[in-house]
Amino acid sequence: MSNSSPSRPLHVPQGPRESRRHTPKTNFKGIYRRALGQSFVKLDPRITVRNPVMFVVWVGTIVTFLVTVNPNLFGDIQADPTEQRVLNGSITVILFFTLLFANFAEAVAEGRGKAQADSLRATRSDTIAHKVLADGTIEEVNSTQLRRGDQVQVLAGSMIPADGEVIQGIGSVDESAITGESAPVLKQPGTDIASSVTGGTKLLSDELLIRVTSDPGQGFIDRMIALVEGAKRTKTPNEIALTVLLAVLTQVFLIVVATVPAIAQFIANFISTLFSQAAANNLQAGASVAVMISLLVALIPTTIGGLLSAIGIAGMDRVAQFNVIATSGRAVEACGDVNTMILDKTGTITFGNRLADEFIPVTDVSSQTLAQVCWLASVFDDTPEGRSIRALAEKLGGAVDLDLATAEGIEFSARTRMSGTNLANGQEIRKGSVEAIKGFVRSRGGQVPDQIDPAYERVSRLGGTPLAVCRDKDIYGIIYLKDIVKPGLRERFDQLRRMGIRTIMLTGDNRITASVIAQEAGVDDFIAEATPEDKISVIRSEQSQGKLVAMTGDGTNDAPALAQANVGVAMNSGTQAAKEAANMVDLDSDPTKLIDLVAIGKQLLITRGALTTFSIANDVAKYFAIIPTIFAAAGIGALNIMGLKSAESAIIAALIYNALVIPALIPLALRGVQFRPVSANQLLQRNILIYGVGGVVAPFIAIKAIDLILPFS
Amino acid sequence: MNLPSVLETLQDIWSLQRHRKLPVYLFLAIAFNLILAPLVLAATGNSFSRTQAWAVGLLLITTCALGIYLFFVMFIPEKF
């Protein structure tokens, strides 16, 4: 957990995210041509049957084709057979294009996903790996033959053959193939953030011994490839719910339309006795099988039925373009439903590279003595904080001539919350959280000086991290580690608040520092002096209130919390355990990306909701176009509020609109509805206004316009 | 054709139907239409020819099949 450690360097790509090079580039060339071919392939009933709305259209197209060949197939028609054949043929062609357009939408989305997958796969070129056998000899094998647990030797200048963990050696790795970040990253064993390597990256210097952590085809990038390609795409809970809704609507309209001919027959009998047989015949002609199928297709939600899978695939594609690997579509959707976001202070809210700014003595010691103790306490600490403490101490004349071989470095741990050095003469020098150092000194029989608390409070009130430093049983002073809140975060947290998302900052710092940073950054709540266990308990407590929680993490001790969270984003620089537990991996290792992922998830859900609203709202106009034409003979001509020219023109115009609206909405489905950070209520009002009211009004205008263009009289 | 070869052919058909369900469903629909089409013809008097009655019967079966299919989608949507 990065913030519980006062000394965790985070490898974060520099510069604005938009300007960062995301490699490899995705090649979208020829995507529409391939999609066109796929539109015909997808007419296979075994594929169409997976989309209930479009399968009904498919069956309808077959039936209208049969009545085009033989208009009298389902009974003698009252209209002129040639005219009826033209009408039936037109309906068949339009329904066929409706199917093609829906298939095209899906094929374009899949094509973009495949192109994305190809670019990801480009990082996966097979290489020759130097596998270390049990007897220590080295065998050259193809990287595809490597299995989990195998050990491989990687030399400078060669590609890392598979995902793994460094178990021996230190070397700098070029990860630009997956992160787009050109600066090489140092990899070494035994550390949480620097021991994990990804297949397809290149070792620039030295030599590494790597333990392979995944079988071929099971790595993170392989999983993402399968996901964006749609090969292993399973429906998300929201998609399943929407599929049920669409099936229910289709079922209802199927029953309604199937019973219309019987009603029409009854009315026709009634009309023939009251008026004339000709009027009754007109009514029966209007209720022909082809017209009934037109009515059914116009009423069922074909727009959303045709675009549903494209919206889902495009959502995954957007996440991939953001350099985030999602292991399931469910995780992307869960981002959109998140209520609580748990953020580390270090690296996420603040820049993370805290630097020593001042040494504050708390006893009667000279500044040089204090600097010497600080230098000794940090001599084995190679983190940016440790290095900055040494640099400041050297500036103040605190450098000591020490043979490192005679001393022992004490590593920081989240439990002890301190690190330091044991010298050959038996002296124990420690630096760490003030409470931990107080405890250490007391355990050695020492006294805590009175001046420590004012110094500690002073640093905390400045938003800095105070570290106490001691030698054996004597506390010498406080190190002021200066930390800077990232600019623009307050506005982003305000946006999240407006969206109803609560932000909680977790930090290993004391309460005063935590409250100062929390206030400055504008988070809703904070937990100070947090241990790794606190993270999981906060998640459980939020989830027990029915909330969905998102968090980021990189260390092995974050793994249980990442697994517990509804959305767990692991940093690519993190440990294998963290990446296995999370449902997303950020290749840029940028913790603030969690905020953007929530926006992508919400955009996916809003797009699906908006297009569903639009699709269902369209029914009103299509209903008023077709129904009056069927029952015109029954004297309901007044319902023809659009003043459409004729029955044929009305049906064809409604169906043409129904077909054309699908390709017209493909760009919106792929790009997503523009996301605004406003409350759920405001969002609902806005979408009802644009896609609900717009969905009612737009087809009235479009159908009337098409009716005017059509050559029917 | 002797009895063993007939049984062998039937066995082949049976094993094929496990893999190719659509022809089986179509066969069952047409077979069921042998019952339904005369009912349609009887109900409509002389207004329908035998072919039209057969077509209407098949249309009714298709509509019912679509209804059943949609119920399947509602109850096991994750399969679609």
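Details of the structure are given in the entry above.
Overview of the structure.

Definitions and limits used
- Residues numbered from 1 in each chain as written.
- Chains lettered and ligands numbered in written order.
- Predicted model: local features only at pLDDT ≥ 70, side-chain atom pairs only at ≥ 80, totals over all residues.
- Heavy atoms only, no water.
- Helix = DSSP H or I, 4+ residues; strand = E, 2+ residues; numbered from the N terminus.
- Rg over C-alpha atoms; globule rule 2.2 N^0.38 Å.
- Buried < 20%, exposed > 50% of the residue type's maximum accessible area, 1.4 Å probe, protein only.
- Areas by Shrake-Rupley, 256 points an atom, 1.4 Å probe, with all protein chains shown as cover.
- Pairing = 2+ DSSP bridges.
- Axes fitted to C-alpha atoms, helices over the stretch in contact; angles between N-to-C directions.
- Contact = heavy atoms within 4.5 Å.
- Salt bridge = Lys/Arg side-chain N within 4 Å of Asp/Glu carboxyl O.
- Polar contact = N/O pair within 3.5 Å; in protein donor to acceptor, adjacent residues only side chain to side chain.
- Nonpolar A, V, L, I, M, F, W, Y, C, P; charged D, E, K, R; others polar.
- Right-handed = clockwise from strand over helix to strand, strands pointing away.
- Phe/Tyr/Trp six-rings, centres within 6.5 Å; stacked < 30°, edge-to-face > 60°.
- Disulfide = S-S within 2.5 Å.
- Core = buried A, V, L, I, M, F, W, Y, C linked by side-chain atoms within 4.5 Å.
- Parallel < 35°, antiparallel > 145°, perpendicular 65-115°, else oblique.
- Left-handed = near helix turned anticlockwise from the far one by under 90°.
- Expected span 1.5 Å × (residues − 1).
- Bend = angle between axes of the 7 residues up to and from the residue.

Tallying secondary structure elements over chain B gives three helices and zero strands in all. Start at the N end of chain B and walk to the C end: the helices and strands fall as α-α-α. For 80 residues, the compact-globule estimate of 2.2 N^0.38 gives 12 Å, and chain B exceeds it by more than 25% at 17 Å. The principal-axis extents of the C-alpha atoms in chain B amount to approximately 50 × 45 × 15 Å. Expressed as a percentage of the 80 residues in chain B, the buried residues total 25%. Surface summary for chain B: the accessible area is close to 6,000 Å², and the carbon and sulfur share equals 73%.

All names here are of chain A. On the basis of which strands lie adjacent, the open sheet formed by seven strands has the order E10-E22-E21-E20-E11-E18-E19 and mixed pairing. In the strand order of this sheet, the two ends are held by strand E10 (324-326) and strand E19 (525-527), each with one partner. Going across the sheet, the axis of each strand differs from the next one's by a mean of 20°, ignoring polarity. With three bridges joining them, E10 and strand E22 (residues 584-586) adopt antiparallel strand pairing. Note on E22: the bridge partner recorded for Ala326 is Met584. Against the sheet, helix H18 (residues 532-544) engages strand E11 (340-344), strand E18 (502-506), E19 and strand E20 (549-553), with an angle of about 165° to E20. Set on the sheet, helix H21 (residues 593-630) makes contact with E10, E11, E20, strand E21 (567-571) and E22; between it and E11 the angle comes to about 160°.

The interface is formed by 24 residues belonging to chain A together with 19 residues belonging to chain B. Across the chain A-chain B interface, the total number found is zero salt bridges. On the surface where chain A and chain B come into contact, there are four residue pairs in polar contact (both at pLDDT 80 or more). The set of elements that each furnish at least two residues to the side of chain A that touches chain B consists of helix H3 (52-69) and helix H7 (237-274) of chain A. Sort the elements by how many residues they give to the side of chain A that touches chain B and H7(A) lands first, with nine residues. Partitioned by chemical class, the residues of the side of chain A that touches chain B number 15 nonpolar, six polar and three charged.

Residue and element names in this part refer to chain A. Counting buried positions along E21 gives five out of five residues, so the element sits mostly inside the fold. Along E21, one buried face is formed by Val567, Val569 and Met571 and the opposite face, lined by Gly568 and Ala570, is buried too. Relative to E21, E20 runs parallel, the two sharing four bridges. Directly across from Ala550, in E21, lies its bridge partner Val567. As defined by bridge partners, E21 adjoins E22 across three bridges and the pair is classed as parallel. For Val569, the partnering residue across the bridge sits in E22 and is Met584. Remark: the E21/helix H20 (residues 576-581)/E22 crossover connection has right-handed handedness.

With that settled, consider the packing of aromatic side chains. The tally for this structure, following the rule as stated, stands at eight aromatic pairs over all chains. The structure contains a cluster of three or more aromatic residues connected by ring pairs, namely A:Phe40, A:Phe96, A:Phe97 and A:Phe101.

Turning to the state of the cysteines, a few remarks are in order. Residue and element names in this part refer to chain A. Applying the stated criterion to the full structure yields zero disulfides over all chains. No disulfide involves Cys470; its nearest neighbouring cysteine sulfur is the one of Cys374, lying 11 Å away. Its relative accessible area of 0% is what places Cys470 among the buried residues.

Residues and elements named next belong to chain A. With 136 residues, the main nonpolar core has Leu307, Met341, Ile349, Phe493, Met584 and Ile703 as its most contacted residues. Discounting residues that sit within four places of it in the chain, Phe493 has contacts with Leu343, Ile349, Thr503, Ala521, Gly522, Val523 and Ile595. Residues Val379, Ala393, Val469 and Leu481 belong to the second largest nonpolar core, which totals 21 residues.

Residue and element names in this part refer to chain A. Where H3 contacts helix H9 (residues 289-299), the axes come no closer than 9 Å and their chain directions differ by 160°. For the element pair H3 / H9, the angle class is roughly antiparallel. Classified by chirality, the crossing of H9 by H3 is left-handed. Of the residues in H9, those in contact with Val56, Val57, Gly60, Val63, Thr64 and Val67 of H3 are Val289, Ala290, Ile293, Leu296 and Val297. Tallied by class, residues from the contact of H3 with H9 come to nine nonpolar, two polar and no charged.

Attention now moves to the side chain of A:Ser288. Position of A:Ser288 relative to the elements: it lies in the loop between helix H8 (277-286) and H9. Among the polar contacts made by the side chain of A:Ser288, one reaches the side chain of A:Gln84 at a distance of 3.4 Å.

Next up on the list: helix H23 (residues 680-709) of chain A. Residues and elements named next belong to chain A. Here H23 contains 30 residues, and its C-alpha end-to-end distance of 41 Å stays within 8% of the 44 Å for a straight helix at 1.5 Å per residue. The sharpest bend along H23 comes to roughly 40°, located at Gly694. Here H23 has its buried residues at Leu683, Asn687, Tyr691, Gly692, Gly695, Pro699, Phe700, Ile703, Ile706 and Asp707. Buried residues along H23 sit against H21 and helix H22 (647-671).

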